Number of protein chains: 2
Amino acid sequence: MRPTDLSALYLEYIACLNQQDWAALGRFVDDEVSHNGRRIELVGYRDMLERDFREIPDLHFSVALLVAEPPHVASRLAFVCRPQGTFLGLPVNGKRVAFAENVFYEFRGRKIWQVWSVIDKAAIEAQLQAGPRIHDDVVTPRLAPE
Amino acid sequence: MRPTDLSALYLEYIACLNQQDWAALGRFVDDEVSHNGRRIELVGYRDMLERDFREIPDLHFSVALLVAEPPHVASRLAFVCRPQGTFLGLPVNGKRVAFAENVFYEFRGRKIWQVWSVIDKAAIEAQLQAGPRIHDDVVTPRLAPE
């Protein structure tokens, strides 16, 4: 696959997530997928995503930066959302937070087989520590290239 | 530049960091470099790296995964080191920790111009919470592709 084809395939996967089209997930994700070194398989991957959307009802995946060199894709995902309750061990409780996830994927054929993800927890902590009086425009850090 | 040329250039940059060859840093980093949306310029970038090596005397950059699509590079960096004192706001105090940094770079010409970095703070927290009795082989999470 060429880099542009792999990028297009990846953007289809992101659209699938945003549509919560779980029946289609297996078109993009390998049955034997691993996440951060743990083999969770397709069913575990789907469980993880469904839980994310339960805990963050307004969850939306936005690709801020995309780098493709087959068989790998690296993506910087930008989130602006209101996680309910605890998120990453932090008491977010519905507050609007903006944060990034820098994530690598290895494809096997046309499907995601390995995922290496890091979420910017420190950015969320900083926004929670800023307290309740801060304005929305202030709590939104720059997530994307200028 | 082809992806392979950009990867080779990036690995020269990493070797420069590991040698702490600050006089050569300007060969790889643009005078107007920004880090996570903040324009810190070459002098601020060098200050940041010198501080990292002061706080983590055994700091060593290892590239676990490298994805190049000019003008971008995405790199998963794996660290195993003993930060002295506080690191990312955590009381590490010389304990051996293993963690990853997923980082994107945009090159302008042959130099790094924009950096978007996320460090896996949650992994370090988990290792600190595991307490002092844990063995070294247990505290080392899988950082690299299998």
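It should be emphasised that the depicted structure is a prediction, and the values quoted were computed from it without experimental measurement.

### Examining the interface of chain B and chain A
- Taken together, the contact pairs 29 residues of chain B with 29 residues of chain A.
- A combined buried area of about 2600 Å² lies between chain B and chain A, and 60% of that area is made up of carbon and sulfur atoms.
- Summed over the three residues of chain B that lose the most area to chain A, namely F104, W116 and V118 of chain B, the buried surface amounts to 26% of that side.
- Summed over the shared surface of chain B and chain A, the result is 2 salt bridges.

### Things to note about the pairing of strand 1 (residues 29–35) of chain A
Residue and element names in this part refer to chain A.
- The buried count for strand 1 comes to 5 of 7 residues, which makes it a mostly enclosed element.
- Where strand 1 meets strand 8 (residues 111–119), 3 bridges bridge the pair, whose relative direction is parallel. Its bridge partner being in strand 8, S34 is matched across the sheet by Q114.
- Taken together, the 2 bridges between strand 1 and strand 2 (residues 38–39) define a ladder with antiparallel strand orientation. Looking at the pairing, S34 lines up with R39 of strand 2.
- Counting the residues that bridge the hairpin from strand 1 to strand 2 gives 2 residues, and of these N36 lies at a positive phi of roughly 50°.

### Side note on the relation of the copies chain B and chain A
- Superposition of chain B onto chain A requires a rotation of 180° combined with a translation of 0.0 Å along the rotation axis, giving an RMSD of 0.0 Å. The transformation relating the two chain copies, once decomposed into turn and shift, fits a two-fold axis.
- Interface overlap between copies: 100% of the residues of chain B at the interface are likewise at the interface in chain A, consistent with a symmetric, same-surface contact.

### Points about the confidence of the model for chain A
Residue and element names in this part refer to chain A.
- Across chain A, the average pLDDT comes to 92, with 89% of residues at 70 or higher.
- Contacts for the low-pLDDT stretch residues 134–140, under 50 throughout, to residues beyond four places or in other chains number 9 contacts.
- Under the prediction, the complex receives an ipTM of 0.90, its pTM being 0.91.

### Focus on the pattern of salt bridges
All names here are of chain B.
- Applying the stated criterion across every chain yields a total of 14 salt bridges over all chains.
- A salt bridge links R39 to E32; its shortest N-O distance comes to 3.9 Å.
- Note on E32: relative accessible area 33%, which makes it partly exposed.

The rules behind each value
- Along each chain, residues carry numbers from 1 onward, in the same order as the chain's sequence is written.
- Chains and ligands are labelled by the order in which they are written, letters from A for the one and numbers from 1 for the other.
- Given that this is a predicted model, residues contribute local features only at a pLDDT of at least 70 and side-chain atom pairs are listed and counted only at 80 or more, while totals for whole chains, interfaces and linings are drawn from all residues.
- In computing side-chain properties, one takes all heavy atoms of the structure into account and sets aside hydrogens as well as water.
- The contact definition used throughout considers only heavy atoms, calling two residues in contact when any of these lie within 4.5 Å.
- Buried area is calculated as the accessible area (1.4 Å probe) missing from two parts once they are joined, with the contributions of both summed.
- Every case where a carboxyl oxygen of Asp or Glu lies within 4 Å of a side-chain nitrogen of Lys or Arg is listed as a salt bridge.
- Here the term buried applies to any residue with accessible area under 20% of the maximum for its type, exposed to any over 50%, and partly exposed to those in between, with areas from a 1.4 Å probe on protein chains only.
- Runs of E in the DSSP output that reach at least two residues are strands. Runs of H or I that reach at least four are helices, and both are numbered from the N terminus.
- In this scheme, strands are said to pair when DSSP sees at least two bridges between them.
- When the copies are superposed, the least-squares fit draws on C-alpha atoms of residues that have pLDDT of at least 70 in both.
- As a per-residue measure, pLDDT reflects the predictor's confidence and takes values from 0 up to 100.

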